[in-house]
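Remarks on the overall topology
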Amino acid sequence: MPQDHRPAKSIRVLLAEDQGMMRGALALLLGLEPDLEVVAQISAGDTIVDTALTCRPDVALLDIELPGRSGLDAAAELREQVPDCRVLILTTFGRPGYLRRAMEAGAAGFLVKDGPVEELAESIRKVLRGETVVDPALAAAALGTGPNPLTAREADALRAAAGGATVSDIAGELHLSESTVRNYLSAAIGKTGARNRAEARMAAAENGWL
């Protein structure tokens, strides 16, 4: 039987990724590193905090777009509930707004998935040492984009506008009057420089504001 040459104290990693093949591949590759141990693999965002409270990882490696709850929302709660756990966001969507939201949520790092696994492993070690790791191209883009111009309610209205929802539909979902919804959508259209709410929603999503 092959011997396990891991150090006595490996870095415990929680991995949250909704795509099964990607999750399995990442867990396998990270597990080949002598000082890393993937102690939990989960596919839904609403199980991140409970799982972390149980297995007490050193680093939580989180995707953003997860069923049940986004990795960004989970990161903010992890900071409160499991303060010793460092959060590293790993996503396909390298959007400047996502980076800003991740940092505001207390994440220690933000990387896109197209990098080599060796870089990811080293980033895990760095964030555990207290360093901040951010994809350099994304950091530059975030500086050029500026902060999210949308209020929370304007963003809610744009989210609810998905799939061709009417003003009446949005008002019912958000428990607001139709005139208030129209005001939020009009403000969002103006702030994003769009011609209509569909374009405003697309622009906001592309910048990571939703």
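Residues numbered from 1 in each chain as written. Predicted model: local features only at pLDDT ≥ 70, side-chain atom pairs only at ≥ 80, totals over all residues. Heavy atoms only, no water.

**Structural notes on the state of the cysteines**
For the record, the criterion: Here, a disulfide means two cysteine sulfur atoms that sit within 2.5 Å of each other. For every residue, the accessible area obtained with a 1.4 Å probe (protein chains only) is divided by the maximum for its type, and the residue is called buried under 20%, exposed over 50%, and partly exposed between those limits.
With the rule as written, the count across this model stands at 0 disulfides. In this model Cys55 remains outside any disulfide bridge; the closest cysteine sulfur is found in Cys85, 8.1 Å from its own. What makes Cys55 buried here is its relative accessible area of 14%.

**With respect to the pattern of salt bridges**
Rules: Every case where a carboxyl oxygen of Asp or Glu lies within 4 Å of a side-chain nitrogen of Lys or Arg is listed as a salt bridge. Helix and strand assignments follow DSSP, with helices taken as H or I runs no shorter than four residues and strands as E runs no shorter than two, numbered in order from the N terminus.
Throughout the structure, instances matching the rule amount to 13 salt bridges. In this structure, the salt-bridge partner of Asp156 is Arg159, at a minimum N-O distance of 2.9 Å. Placement of both Asp156 and Arg159 in helix α7 (residues 152-160) is noted, with a separation of 3 residues, approximately one turn of the helix. Put simply, Glu33, Asp35, Glu122, Arg125, Arg129 and Glu131 are held in one network by salt bridges that share partners.

**Points about the pairing of strand β4 (residues 86-91)**
For the record, the criterion: Crossover handedness is defined by viewing with both strands directed away from the observer: a clockwise path from the first strand over the helix to the second marks the crossover as right-handed. Paired strands are those between which DSSP finds at least two bridges.
Most of β4 sits out of view: 5 of its 6 residues are buried. For the segment spanning strand β3 (residues 59-62), helix α3 (residues 71-81) and β4, crossover handedness is right-handed. Summarising the sheet, β4 and strand β5 (residues 109-112) pair through 4 bridges and their orientation is parallel. Directly across from Ile89, in β5, lies its bridge partner Phe110.

**A few points about the environment of Gly106**
Relative to the assigned elements, Gly106 resides in the loop between α4 (96-104) and β5. Distance in space between the C-alpha atoms of Gly106 and Val38 is 22 Å, their sequence separation being 68 residues.

**A closer look at the nonpolar core**
Cut-off, in case you're wondering: As used in this record, nonpolar core signifies buried Ala, Val, Leu, Ile, Met, Phe, Trp, Tyr and Cys residues forming a set joined through side-chain atoms within 4.5 Å.
Counting 26 residues, the largest nonpolar core has Leu14, Ile48, Leu62, Leu78, Val87 and Ile89 as the members making the most contacts within it. Counting only elements with at least two residues in this core, the list comes to β1 (11-16), β2 (36-42), α2 (48-55), β3, α3, β4 and α4. One finds Ala155, Leu158, Ala160 and Ala171 within the second-largest nonpolar core, a separate group that totals 20 residues.

**Details of helix α1 (residues 20-31)**
The criterion, for reference: In a helix, the anticipated span is given by 1.5 Å times the number of residues less one. In this description, the arc belongs to the directions extending from the helix axis to the C-beta atoms. Pairs of residues are marked as contacts when any of their non-hydrogen atoms sit within 4.5 Å.
Over its 12 residues, α1 extends 16 Å from the first C-alpha to the last, a length consistent with the 16 Å expected when each residue adds 1.5 Å. Among the residues of α1, those classed as buried are Arg23, Leu26, Ala27 and Leu30. The arc that holds every buried residue of α1, seen down its axis, measures 100°, which confines them to one face. Opposite the buried face of α1, at more than 90 degrees from it, the exposed residues are Met21 and Leu28. Buried residues belonging to α1 abut β1, β2, β3, β4 and α5 (117-128).

**What to know about the packing of helix α9 (residues 178-192) against helix α10 (residues 197-206)**
The relative placement of two packed helices is expressed as an angle between their axes plus a distance between the axes. As a reminder, the rule being used: To get an axis, fit a line to the C-alpha atoms, keeping to the stretch in contact for a helix; angles then go from 0 to 180 degrees between the N-to-C directions. Working rule for angles: under 35 degrees goes down as roughly parallel, over 145 as roughly antiparallel, 65 to 115 as roughly perpendicular, anything else as oblique. Take the far helix as your reference; a near helix turned counterclockwise from it by less than a right angle gives a left-handed crossing, and one turned clockwise gives a right-handed crossing. Residues were grouped as follows: Ala, Val, Leu, Ile, Met, Phe, Trp, Tyr, Cys and Pro as nonpolar; Asp, Glu, Lys and Arg as charged; and all remaining residues, including Gly, as polar.
Two elements in contact, α9 and α10, have axes whose closest approach is 9 Å; the angle formed by their N-to-C orientations is 60°. With respect to their mutual orientation, α9 and α10 come out oblique. The chirality of how α9 crosses α10 is left-handed. Residues Leu185, Ala188, Ile189 and Thr192 of α9 touch α10, and the partners they reach there are Arg197, Ala200 and Ala203. Among the residues making up the contact of α9 with α10, the classes are represented as 5 nonpolar, 1 polar and 1 charged.

**Things to note about the sheet that holds β4**
Sheet architecture is open: 6 strands sit in the order β2-β1-β3-β4-β5-β6, paired in parallel fashion. At either margin of the open sheet sits one strand with a lone partner, and together these are β2 and β6 (133-134). When β3 meets β4, the two strands line up parallel, connected through 4 bridges. Bridging from a neighbouring strand, Val59 pairs with Arg86 of β4. Strand contacts of α2: β1, β2 and β3, with the helix running at about 160° to β1, the strand carrying the most contacts.

**Some points on the confidence of the model for the chain**
The criterion, for reference: How sure the predictor is of each residue is captured by pLDDT, a score from 0 to 100.
Taken as a whole, the chain shows an average pLDDT of 86; of its residues, 90% reach a score of 70 or greater. Segment residues 1-7: pLDDT under 50, and 7 contacts once partners within four positions in sequence are set aside and those in other chains are kept.

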